[in-house]
Structures are given as structure tokens and as C-alpha cells.
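The primary structure of each chain is shown beneath.
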Amino acid sequence: MSAPGALGHFGEFGGRFVPEALMPACLELESAFIDAWGDPEFTAQYRTVLREFAGRPTPVTPLRRLSAQLGIELFAKREDLAHTGSHKINNVIGQTLLTKRMGKQRVIAETGAGQHGVATATACAQMGLECTVFMGEIDTERQALNVFRMELLGATVVPVTSGSRTLKDAVNEAMREWVTCVEDTHYCLGSVMGPHPFPWMVREMQSIIGHEALQQMDDLGASIPDFVVACVGGGSNAAGIFSGFANTSARLVGVEAAGGSAVGKGSPGVLHGMRSLLMQDEFGQIEEAYSISAGLDYPGIGPEHAHLADIGRAEYYAIGDDDVIGALEVLSLSEGIIPALETAHAVAWILKEAGREIPLGSRVLLNLSGRGDKDVAQVREILRGQQ
Amino acid sequence: MTSLEKHLRELRASGRKALVPYFVAGLTPDWITHVEAAVHAGADAVEIGIPFSDPMMDGVVIQEAALRALDAGTNLDSIASDLTALSVSVPLIAMTYFNIFHHYGVERAAGKLATSGITGAIVPDLPLEEGREWFDACARHDVATVLLVAPSTPPERVSAICEACRGFCYATARMAVTGRSTDAGEGAHVVERIRAASDIPVYIGIGITTPAQAHDACTTSDGVIVGSLLVKAILDGASASDVEQMVHQFRQAID
């Protein structure tokens, strides 16, 4: 996947729709990122921290029992084994290093499920930066343990009580805060969304997933997969793994939550600094997303995904809540891996489509974006309710 | 030159400072009477806030007002319909977020504003670089595109913004969202930078919460925008005559 145009456009999507007060900060960040990403010393430091602190490279695991059950050849890129339990750490290490390079002392972030918040709090603790995380009030309740984790790591967690009190409102509040403190504070956005340069920068900082996986598949003698499958909320883990395979013959598949399906149910619109596909009503009011997983509870999608869907390079499908718990159980029982509820959407799509959209015998690479430890209390409640 | 800018330049030439109150359309069933009361008390133009679900530039007061108006079923069409009942002689300026116009279709939206008697539009999340299509559509319908300059805007951007700006230039007094006033802000500096680039009328907004602040702002600017204070009062149940009194105090302070 290539760099966006000068104004941050991916085809007709992307751009920079922010208040004038934030424009200078976006421009400053863009030039700081271009400068850092082209500096071998910076990228070497980024890779070193990922290796020494975050546990990279994460392995690719052949999922042998599930492969036999489904009649396909299934592999998983194990981002669940990265420090803090998801791919989020990759982006956060990059952005906190950049924060220091820009001479800023403080980081703010939004979080949905809490994975990005925990990762940001972790990197800030490691690097000695002050950290404030905005989290929808509903999410602070359903992910209470992650709130405590962030606090243990020294971060301040601010519950957001406006709007739908979930991820989209946490982004609004982080943007409002950023306006007031842009001089000394970096906004560490957690996904491939928001104003330019965030969608591009976050994708670049997650592209290590795809580049590692491409090499690892080759090392396993498995070469290019027929399908690369990842869950999509904003779309950072998908953008990361797609980066390694966009120039191959692999079909790229993003799996959205049915209640947050921006590609499936959305139309072009402007929110959170970007033009992308959004779930909205007939007058352009943004609709609230509903999903069992807080991390996919977002009515939009990153602009590059909207563009990849538009040009047909990637395909996007939706999975409903009902299929997610079953998929989580299947992966747990057959492979000994409890996935995050977000990741379980991608698993569910593979289970559903093996032998249909995915021809038998296909080679499939799943991006196992996060581990399910954060979700077990919620899953227990749901399973108890089903009995 | 747009009709709005011509009008506001004449106002300035007459030596009168402009007082521009802001209201959230559809906040109460009788919101039109608030507009009329403000004009009666000496408002020179009125900002009509079109509610949006995700008002990124607004503080808690306008967020709450927007949600309340949306819950009451307010939309661009209902506002246009409400405005047919309004008969005031001052210009009306729409203020909302870009998705409202983007989704309606920019050409159609600009036309809708014009036929509703609205002669200006403020879209805070639409910066210079992304605005061309909207600016052109508005120009075709004689709707003035008011742009914002912030304390963080560097001088070269101020010039570029002023070139595309129509009607008046909105100087934001501080780096904050609406409704969070703490001090006198940096309005005077922002006005100075705009004056160096252009002779377009300059009004200060964001955080004008007392008549005394409005008076101070008008020593450098050509006018002030007063928003959250009035909206808060209406959320708390203020009547049209309460609104009239509040606006009257601002009028006295800046005259």
C-alpha cells in the first residue's frame, strides 16, 4: 500500500477535516513523522524497542486441528502474544518515540475496549511520559479491569459521558482536549483513522505485522496465502497485515461487526477529521454502533479501507454478535488460544465461509490481533445467560 | 462581494460594533422567538446552530443543546421550515459541521441555506485545504463562507484563510472548545494578525461570557459572537424576554 496524496487522500477518502486550531499540529505531526520515518536511526530504535520490550517478532502458528476440521490450511499471526496482548503496542511504541522526538511531554489517547489505552499507558510508563486516556463511560464499565490496568500504569482515565458514551465519543473528547494542550501534548490516535497523517502513520507503524508474516509464511514453506483475514473497527490490525500482502495475489478480507458495519451499511461522510464511510441517518447524523466487542463499536472505518473497498482490492464482510462467542469457543477448544472478541469476528467469518467463499484446500492467514483475557468475564456472563 | 460582507462592512463604516448571538436551532419549540428577542435587543446578525451528533469544537453546553434539538427531530429541512415564520431585518449565518452539508449535497445545501434567508455559513471542521467545493457552491448562492483563525494559526496561513474568507473573519480567542472561559484570551493578537492580512471585518468568538469581556474584545475587533452563555440560559429554561435582557446587556457594554 502506498503513501496517500499530499493532502492525505486515499482516492476520494481521507484528508484533514479539523478545526483551524488543530491544523498547525496536524501539519507539524506530518512533517515530524516523515522526518522520523525516513531516519534509519529512528526506525532502528523503533525496532529495538519492539524487540526488547514488546516481544517482536510474534510467531505465525499453523492452526493444525482447526485446519483439519475445516478442510483448509489455516495460519495465525500471533499479535495476541505481543506485550499488552494485542497489536496496539506496535503503533504506540512508534508514536511515543515520535512524541519524545517532537519534544512533547504528555500523551492523550482514546480507547474503546481498552487495548489501545493499556498499550498507550504502558509505553508512556516505559518512556516516562504523562498519559491521559479518554474512554466512553459504558466502556469503562464493561472493561473495568482495563481501567484499573491503565491506572496501575500511571495513566489518568477520563470517563466520557457525552453522546453514546462509547469509542466515537471518546475520540470527540480527545480531540476537544487536544485543542487546549496541543503545544506540549501529542494525541496518540489508536487506529488508521482521524485526520492526515494519522491513517497513514498508524498503518506504517502497524505494517511490521504484514512484513513479518510474509517472511514467516515463506519460512514455513507456505508462501503466499489465498486469503488474509482480519477484523476491522477503525482497521489498524487489518491495515498492518494487509500491508505485507497488498502486492501479492492474496484476497484481503476485513471483517466488521454487523452493528458497526461502515462498509456494509455506511455512506461517504466526514467525521473525526476524515472523509470515509460512516453509518449515518438521512440527515447526516452519525448513528451509534452496537457490538458485543467494545473495540469494534465504531460507526466509521479508516479512509484507506474505504478506498480499498472502493477499488475492490479488499473485501469487507460483517459478522453478528451471535456468531462471535461460538467462534471464540471453537478457537479456544481446538487450538488452545482464547482470542479477543474483536478477533473472534475474523475467526467467525473463516468458520462460516470455509468451503463456501473460501474454497476447500485454500491457504488462509488470520491476523490474531488480540488475546481474550480482557473479555473472559463478559463471555462468562453471556454463556451463563445462554444456559 | 457577498451581500453579507457588504452589509457588515457598511455596519463597520457606520461605527457600530457587531453583536452576534448564537442559538441552537430547534432547541425549544419556540426557538424562533429567542432569535426575534435577540434582534429586538440589538443583535446585528444571528448565528443559527444546526445541531450535529458529534460537535467536535463544542463544549458540554452546546453538545447537550444539540442532542436535545436532535431528539426533538430537528434537521436542515425542519429548520428551513421554522425560519419561514421569522421576520427579522438582520443577516442569519448558519453554523454547523461539514457532514451535515456533505450528506445533504453541497450544492443543494448551499441553495437550501439561501432560500431559507441564510446569507453566511461557518463550518469549523472544514479547513481551507478541503473547502474548495463548498466555497464554490456557496459563492453561486451568495452565501458567505466565514472562516476561523486560531491563536495557533501561523501568519502565512492567516493570509491564505483571509483570501478565501467571506462575510467576516472569525477570530477564536483561545485554544479551547466553546463555553470554557477562563481569561481574556488571545483574541487581540489574533485580530492583529488578521488585520495585517486583510481588511475584512473581524469578530471575536469562543469564550465571550460577560458583557465586560465583550466590551474589551470590541476595542480591537469589529464585533463579538456570544454563544454558550445564551444556550446555557435557554437549557435552564430562559424565556424570550430573559434572552432579550441578556442580549441587551451585551449591547450596552459594546456601544
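Here is what the cut-offs are and how they apply
- Residues numbered from 1 in each chain as written.
- Chains lettered and ligands numbered in written order.
- Predicted model: local features only at pLDDT ≥ 70, side-chain atom pairs only at ≥ 80, totals over all residues.
- Heavy atoms only, no water.
- Pairing = 2+ DSSP bridges.
- Helix = DSSP H or I, 4+ residues; strand = E, 2+ residues; numbered from the N terminus.
- Axes fitted to C-alpha atoms, helices over the stretch in contact; angles between N-to-C directions.
- Parallel < 35°, antiparallel > 145°, perpendicular 65-115°, else oblique.
- Left-handed = near helix turned anticlockwise from the far one by under 90°.
- Contact = heavy atoms within 4.5 Å.
- Nonpolar A, V, L, I, M, F, W, Y, C, P; charged D, E, K, R; others polar.
- Buried area = accessible area lost by both parts, 1.4 Å probe.
- Salt bridge = Lys/Arg side-chain N within 4 Å of Asp/Glu carboxyl O.
- Polar contact = N/O pair within 3.5 Å; in protein donor to acceptor, adjacent residues only side chain to side chain.

**Details of the sheet that holds strand β5 (residues 144-149) of chain B**
In any sheet, the strands associate via hydrogen bonds between backbone groups, in a parallel or an antiparallel arrangement. Residues and elements named next belong to chain B. Read around the closed barrel, the 8 strands follow the order β1-β2-β3-β4-β5-β6-β7-β8; overall the barrel is parallel. Adjacent strand axes in the sheet meet at a mean angle of 25°, parallel and antiparallel pairs treated alike. Looking at chain direction, strand β6 (residues 169-172) and strand β7 (residues 202-205) are connected through 4 bridges and run parallel. For T172, the partnering residue across the bridge sits in β7 and is G205.

**What to know about the packing of helix α13 (residues 321-335) of chain A against helix α15 (residues 376-386) of chain A**
Helix-helix packing is characterised by the crossing angle of the two axes and by the distance between the axes. All names here are of chain A. Where α13 contacts α15, the axes come no closer than 11 Å and their chain directions differ by 110°. Compared by their axis directions, α13 and α15 come out roughly perpendicular. α13 and α15 meet at a crossing whose hand is left-handed. Each of I325, L328 and E329 in α13 lies in contact with α15, whose residues at this interface are V379, I382 and L383. Residue composition of the contact of α13 with α15, by class: 5 nonpolar, no polar and 1 charged.

**Observations concerning the interface of chain B and chain A**
On the chain A side, the residues contacting the 37 residues of chain B number 39 residues. Buried area between chain B and chain A, both sides added, is near 3,000 Å², and the carbon and sulfur share of it is 57%. Joining chain B to chain A, the criterion identifies 2 salt bridges. Its salt-bridge partner being E20 of chain A, residue R157 of chain B comes within 2.9 Å of it at the nearest N-O pair. Scanning the region where chain B abuts chain A turns up 18 residue pairs in polar contact (both at pLDDT 80 or more). Looking at the side of chain B that touches chain A, the elements that each hand over two or more residues are α3 (60-71), α4 (76-83), α5 (98-104), β5 and α8 (155-164) of chain B. Broken down by element, the side of chain B that touches chain A gets its largest block of residues, 5 residues, from α5 of chain B.

Function-wise, these values are silent; they only describe arrangement.
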